[in-house]
Amino acid sequence: MRPSFPPKSITRFWIITALMTVSFLVGSWLVPRFRVVWDAGPLPDQAYAQSNRPLGLGNGSTTLSVGPEEPVARAVAGASPSVVNIDTVKRVVENDSFFGPQEYQESGAGSGVVIDPRGYVLTNDHVVGGATEITVTFGNGRKYQARVLGTDRETDVGLVQLLNPPKDLPVAKLGDSRRLVPGQWAIAIGNPLGFQQTVTLGVVSHTGRAMQVDDRVYKRLIQTDAAINPGNSGGALINIHGEVIGINTVVRNGAQNLGFAIPIDVAKGLSDELIRSGKIKRPWTGLNVTEVTPDLAAYLGLERREGAIVERLDRRGPAYRGGIRPGDLILELSGKKVKNRAEVEALLSRAKIGDTLNLMVERGGELLKGDITVAEKP
């Protein structure tokens, strides 16, 4: 009788089962004793950080590493340490019809830019003008007391000085605002609505923009669509290289993307004068002129259509003391014939304190000549 064996399929099943059991037992012993290392190089952001020099953001809490493909971040990293928050306290006196004069303190806030290692901070007149207490706060949290060194209401430039500036004071790099053209990058850094070290991005929308806000007339502003809000005033408008090109000053209410900054060449020139003398000395004649319109010429009985008509005079000014009167038609100024208001104002703008200006005017059909001596504006 032939011995019987289990079917081949059954034998194969038990062999496979035995091998799987052995493999499981061996694996359970080996796996905890092995460590797999994937050596595929550093992660992309790690390699990026290792290949670039870190730049401090100036907020005292972090360091940002950025490369050439992040030009805005690099510009901000270089400029932001010199942009500060300015908190002010002003003494205000109001007359109450019942209680009489009432005095109280008014708090305010704005921004500023450090422009000199001696502790000079450039800002706006409307931020620090009349302030009795000033606290300057840097992005890293350091606080310093400061004093108003001088302000200029006409241009809205203000300058304060830290009372005890540190030796490691970060100073902004200044650019050349005279070479700006529309379309260039414009980056605003400041303290809008109390949000310190806020960055907004836009472009230079226009240069040489003139506008009036209340009784202040701005003659040459940089217009930008970078978002500017209350508290940005006095902060930096920088270019893509991290250079300050303007001092943020005003935003047009009721509009979108209409912000304005004082060109840095104007602000720096005025700050230098404030450092030297504590005030801005301006030439002054007390003379204001207007165009010769047909209606105005008919009203005054003028036959000429050239020149400029004296509209207003300050009675304290050199022009009034020199005999000029409202309604006079200016035909010549400083030996030059003038055709319109613009030519008269251009000649007056070039006059310096102490200069003598020769005038020829028409008054009541007569030609009169006289001189006025340019004085310092009070």
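Residues numbered from 1 in each chain as written. Predicted model: local features only at pLDDT ≥ 70, side-chain atom pairs only at ≥ 80, totals over all residues. Heavy atoms only, no water.

### Observations concerning the pattern of salt bridges
Overall, the coordinates contain 18 salt bridges when judged by the stated rule. In this structure, Arg-216 and Asp-125 form a salt bridge, with 2.8 Å as the shortest nitrogen-oxygen distance. Taken as a pair, Arg-216 in strand β11 (residues 216–224) and Asp-125 in helix α4 (residues 125–128) lie far apart in primary sequence, 91 residues in all. In this pair, the class of Arg-216 matches that of Asp-125, namely buried. Between Glu-311 and Arg-312 there is a salt bridge whose closest N-O contact spans 3.5 Å. (Salt bridge = Lys/Arg side-chain N within 4 Å of Asp/Glu carboxyl O. Helix = DSSP H or I, 4+ residues; strand = E, 2+ residues; numbered from the N terminus. Buried < 20%, exposed > 50% of the residue type's maximum accessible area, 1.4 Å probe, protein only.)

### Re the side chain of Arg-216
Residue classification places Arg-216 among the buried residues on the basis of a relative accessible area of 9%. Engagement of the side chain of Arg-216 in a polar contact is seen with the side chain of Asp-125, the distance being 2.8 Å. A polar side-chain atom of Arg-216 sits 2.7 Å from the main-chain carbonyl oxygen of Arg-153. In this structure Arg-216 touches Asp-125, His-126, Arg-153, Glu-154, Asp-156 and Met-211, once residues within four positions along its chain are discounted. (Polar contact = N/O pair within 3.5 Å; in protein donor to acceptor, adjacent residues only side chain to side chain. Contact = heavy atoms within 4.5 Å.)

### Quick notes on the sheet that holds strand β3 (residues 83–96)
Overall, antiparallel pairing links the six strands, which are arranged β3-β4-β5-β8-β7-β6 in a closed barrel. Averaged over all pairs of adjacent strands, the angle between their axes in this sheet comes to 35°, without regard to strand direction. The sheet strands contacting helix α5 (residues 264–277) are β4 (100–116), β5 (120–124), β7 (143–152) and β8 (157–162), and the helix crosses β8 at an angle near 55°. (Pairing = 2+ DSSP bridges. Axes fitted to C-alpha atoms, helices over the stretch in contact; angles between N-to-C directions.)

### Topic: the environment of Asp-371
By secondary structure assignment, the location of Asp-371 is in strand β21 (residues 366–373). For the pair Asp-371 and Leu-357, spaced 14 residues apart in sequence, the C-alpha separation works out to 5.5 Å. Contacts of Asp-371, omitting those with residues within four sequence positions, involve Gly-322, Thr-356, Leu-357 and Asn-358. A distance of 2.6 Å separates a polar atom in the side chain of Asp-371 from a polar atom in the side chain of Asn-358.

Note that every value here comes from positions in space, so none of it alone points to a role or purpose.
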